[in-house]
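# Observations on the model geometry
Here is what each chain is made of, one letter per residue.
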Amino acid sequence: MNDLGSLVQQTADRLAGQQVGAVVAGLARGTVEIRGAGRTGPGAAGGPPGPDTLFEIGSVTKVFTSLALARLALAGTVTLDDPLAEVLADALPAGVAVPAKGPEPLALRHLATHTSGLPRLPAGMLLSSLLSPNKPDPYAHCTADALLSGLGRTRLRATPGRSFRYSNLGAGLLGLALAHRAGVGYGELVRREVCEPLGLKDTVLEPSPEQTARLAPGHTPGGRPVPAWHLADLAGAGGLRSTAADLAVLLRAQLADGAESTPLGPAIALTREVRHRVNPVAWMHLGWLGHRLHARQGGHLQIWHNGGTGGYRSFVAFDPERQVGVIVLANTRRSVDTPAVRLLRTLQTTGATFPGQ
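Within every chain, residues take consecutive numbers counted from 1 along the sequence as written. Local features are withheld for residues below a pLDDT of 70 in this predicted model, meaning they are given only at 70 or higher, and side-chain atom pairs are given and counted only at 80 or more; totals for whole chains, interfaces and linings count all residues. Where side-chain values are given, they derive from all heavy atoms of the structure, hydrogens and water being excluded.

This part takes up unusual backbone geometry. Non-glycine residue His114 carries a positive phi angle of around 60°. Helix and strand definitions here come from DSSP, where helices need a minimum of 4 consecutive H or I residues and strands a minimum of 2 consecutive E residues; each element is numbered from the N-terminal end. Tracing the backbone shows His114 in the loop between helix 4 (108-112) and helix 5 (144-150). When its relative accessible area of 3% is taken as the criterion, His114 is described as buried. In this structure, Ala232 is a non-glycine residue whose phi angle is positive, near 50°. Only protein chains enter the area calculation, which uses a 1.4 Å probe; residues under 20% of their type maximum are buried, those over 50% are exposed, and those in between are partly exposed.

Shown next, in the form of structure tokens:
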């Protein structure tokens, strides 16, 4: 048996050799351990990151967007099958229509499960531009006007509901549509529907001055500082900042036993009830990806999402059957997926010992 804190610290230390700074959290049977290593910036003045250090979490934002969808669906504000065209009917520019393909309209559930058929990026935006040094904030132009006008130049690659095609555009439009229907901005929507019920204090779209002082500056793989990303009205795809402490609360809610044991229990249950099969061993929930390892690898369940922006990487995953989870946040644009998955599999297969057990 291994000590949870030691396993988490070992992962953080390994990451510190590759990242400017990293924070790792491990959860097992109700116990949470959070460790940081490295620094938030070059030199001693950067200071070590910790549980309350903010990072850009990139596409892990999509989990929050889909939880907001589930909450609004349970409240009757929307349904999962509401067509996007109806939700945005009074916001679309004159003469612009939501793209269609086949008999089924593009609905909110398709946006949350990446089965909309929409391209990965908004019209006119190239994948290569995301990490171009000439475009340090590549999504900043993605205002509501630009996104909705761009729908007139967008063609679906597949019939909605048929196939999985990962789309930042789709997730961003989902956040925009939900905020529009709720009559608030996206940041307020997430605060009201997800953060406030769970007591999350540091998961925000626009950090306060005090939170900005705790934000780890982002870096290139070579360690050069890079500016923050602002996703404008595509924020539902990847615009949130958060901390390991807040994300640990989110994972504890995901691992809670029973819908009534957390304020978001019914919404969490709904996100996991929806399942679109991607291949024989993988599927898409509302917001979360899921897969089950082969039997010779333990057959364990992994529900996860990762994220990345110009200077950050993130990975959040859990196994509700084994009651374990991991969080890795780093302020360097280098993947943290491999060490995060390794830690999760260690917790799944070897267990851990904790004080008092």
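Text resumes after the structure shown.
Within a regular strand, side chains alternate between the sheet's two faces. The pairing criterion for strands is at least two bridges between them, as found by DSSP. Sheet topology note: the strand 2 (residues 21-28)/strand 3 (residues 31-38) ladder contains 8 bridges and is antiparallel. Bridge pairing in strand 3 links Ala22 to Ala37. Joining the antiparallel neighbours strand 2 and strand 3 is a turn of 2 residues, in which Arg29 adopts a positive phi near 50°.

The biggest cluster of nonpolar side chains holds 85 residues, and the ones touching the most others in it are Phe64 and Leu108. Not counting chain neighbours up to four residues away, the residues in contact with Leu108 comprise Leu69, Val78, Thr79, Leu80, Asp82, Leu84, Val87, Leu174, Ala177 and Leu178. To form a nonpolar core, buried Ala, Val, Leu, Ile, Met, Phe, Trp, Tyr and Cys residues must be joined to one another through side-chain atoms within 4.5 Å. Only heavy atoms enter the contact rule, under which two residues are in contact if any of them lie within 4.5 Å.

This paragraph deals with the pattern of salt bridges. Pairing between side chains of opposite charge can happen when the charged atoms of each approach one another. Note on definitions: salt bridges are taken to be side-chain nitrogens of Lys or Arg within 4 Å of carboxyl oxygens of Asp or Glu. Under the definition given, this model contains 11 salt bridges. Here Arg191 and Glu188 are joined by a salt bridge, their closest N and O atoms 2.6 Å apart. A residue pair is termed a helical-turn pair when its members lie 3 or 4 positions apart in one helix, as Arg191 and Glu188 do in helix 7 (residues 186-198) at 3 residues. Close ionic contact of Arg192 with Glu193 constitutes a salt bridge, the shortest N to O distance being 2.9 Å. Look at Glu193 and you get buried, because its relative accessible area is 9%.

In this section: the packing of helix 2 (residues 61-75) against helix 10 (residues 265-273). Contact geometry of helix 2 with helix 10 gives a least axis separation of 9 Å together with a crossing angle of 110°. By the angle between their directions, the pair helix 2 and helix 10 is classed as roughly perpendicular. For the element pair helix 2 and helix 10, the recorded crossing hand is right-handed. In this structure, helix 2 contributes Ser66, Leu67, Ala70, Arg71, Ala73 and Leu74 to the contact, and helix 10 contributes Pro266, Ala267, Ile268, Leu270 and Thr271. Interaxial angles span 0 to 180 degrees and are taken between N-to-C directions of axes, which are lines fitted to C-alpha atoms, for helices over the stretch in contact. An angle below 35 degrees is treated as roughly parallel, one above 145 as roughly antiparallel, one from 65 to 115 as roughly perpendicular, and anything else as oblique. If you view the pair so one helix is near and one far, a crossing is left-handed when the near helix is turned anticlockwise from the far one by less than a right angle, and right-handed when it is turned clockwise.

Before going further, it helps to examine the side chain of Gln19. Considering the arrangement of structural elements, one finds Gln19 in the loop between helix 1 (4-16) and strand 2. Residues adjacent in sequence count toward polar contacts only when both atoms are side-chain atoms; beyond that, a polar contact is any pair of N or O atoms within 3.5 Å, and within protein one must be able to donate a hydrogen and the other to accept it. Here the side chain of Gln19 touches Thr332 through a polar contact of 3.3 Å, side chain to side chain. Here the side chain of Gln19 touches Arg334 through a polar contact of 3.0 Å, landing on its backbone oxygen. In contact with Gln19, not counting residues within four places along its chain, are Ala330, Thr332, Arg334, Ser335 and Val336.

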